[in-house]
Every structure is written in C-alpha cells, then in structure tokens.
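Listed here are the chains, written in short residue letters.
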Amino acid sequence: MHMKTKLVKRNIPPDRENQNDRFRVKYNDRSDFNTLHVQITRMADGSVNNYFFRSEALPDKDSIHFSTAIENGKFTTIWYGATPFKSN
C-alpha cells in the first residue's frame, strides 16, 4: 500500500502567537491519507515546526486545533484533539 501524506501549512502572525488563539488544521477525510504533516511557520522569525500525525489517531471529524504560546522565550505548540507521533 502506498503511504500518502497530507500537508497542511499554517502561518502564525506575531500578534497572535501568544494570545491563546486556536488555529484550525482542516484535513477533511482522514481515510484519504496515512500521515498528516502539519507545518507551522512562526512569522516573527521564520522558524518552521513540523508535526506528524497518524491518520488513524486523528478524530473522526475533519480537523484538529492547536494554540501557540511563548514560554521562557521559546515558541511552543499545544495540540487539541490529537497528539503528534513525531515533531522537530
């Protein structure tokens, strides 16, 4: 079976990165892919974080959510609805 990855990119503007805003990652039908790759770009410094989710571990809806925060000067991502199996 061919392993299919769905890529979703989100850009986080500086004025929203520490506001406890929720960002949506829409993946539609989770049976269309094996791995969800979410690429989050922090626009303040151009840094990119990659998160990978197994499709069977995603909720049977069409999306998951995350929020971002600055903790001790470090950009962090908090996931709602699923936990990544790999990230950088």
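Draft legend 1. Up close: the pairing of strand S4 (residues 47–54). As defined by bridge partners, strand S3 (residues 35–42) adjoins S4 across 8 bridges and the pair is classed as antiparallel. Residue Thr-35 lies in a different strand from S4, and its bridge partner there is Arg-54. The loop that links S3 with its antiparallel partner S4 comprises 4 residues; one of these, Gly-46, has a positive phi angle of about 80°. Relative to strand S7 (residues 86–87), S4 is paired through 2 bridges, and the arrangement is antiparallel.

Draft legend 2. The arrangement of the sheet that holds strand S2 (residues 23–26) in detail. Read from one edge to the other, the open sheet built from 3 strands follows the order S2-S5-S6, with strand pairing classed as antiparallel. Sheet topology places S2 and strand S6 (74–80) at the edges, where each strand pairs with a single neighbour. Ignoring which end each strand starts from, the neighbouring axes of this sheet average 30° apart.

Draft legend 3. Spatial organisation of the pattern of salt bridges. Summed over all chains, the structure comprises 6 salt bridges. The salt bridge involving Arg-24 is made with Asp-62; its shortest N-O contact spans 3.0 Å. Taken together, the residues span a long stretch of sequence, with Arg-24 in strand S2 and Asp-62 in the loop between S4 and strand S5 (63–71) at a distance of 38 residues. Among the residues examined, Asp-62 registers a relative accessible area of 25% and is labelled partly exposed. Close ionic contact of Arg-30 with Asp-60 constitutes a salt bridge, the shortest N to O distance being 3.7 Å.

Draft legend 4. Representation of the packing of aromatic side chains within the structure. Under the definition given, this model contains 5 aromatic pairs. Summarising the aromatic geometry, the rings of Tyr-27 and Phe-33 are spaced 6.1 Å apart at their centres and angled 80° between planes, so their arrangement reads as edge-to-face. Relative accessible area serves as the criterion here: at 0%, Tyr-27 is assigned to the buried category. Aromatic pair Phe-66 and Trp-79: ring centres 5.0 Å apart, planes at 50°, arrangement tilted. Pair noted here: Phe-66 is in strand S5 and Trp-79 is in strand S6, with a separation of 13 residues, a long-range link. Overall, the relative accessible area of 0% leaves Phe-66 in the buried class. A relative accessible area of 15% places Trp-79 in the buried class. Through a chain of ring-to-ring contacts, three or more aromatic side chains come together here, namely Phe-23, Tyr-51, Phe-53, Phe-66 and Trp-79. The ring of Phe-85 carries the charged tip of Arg-54 above its face, separated from the ring centre by 3.8 Å.

Cut-off values and rules
Residues numbered from 1 in each chain as written. Predicted model: local features only at pLDDT ≥ 70, side-chain atom pairs only at ≥ 80, totals over all residues. Heavy atoms only, no water. Pairing = 2+ DSSP bridges. Helix = DSSP H or I, 4+ residues; strand = E, 2+ residues; numbered from the N terminus. Axes fitted to C-alpha atoms, helices over the stretch in contact; angles between N-to-C directions. Salt bridge = Lys/Arg side-chain N within 4 Å of Asp/Glu carboxyl O. Buried < 20%, exposed > 50% of the residue type's maximum accessible area, 1.4 Å probe, protein only. Phe/Tyr/Trp six-rings, centres within 6.5 Å; stacked < 30°, edge-to-face > 60°. Lys NZ or Arg CZ within 6 Å of the ring centre and 35° of its normal.

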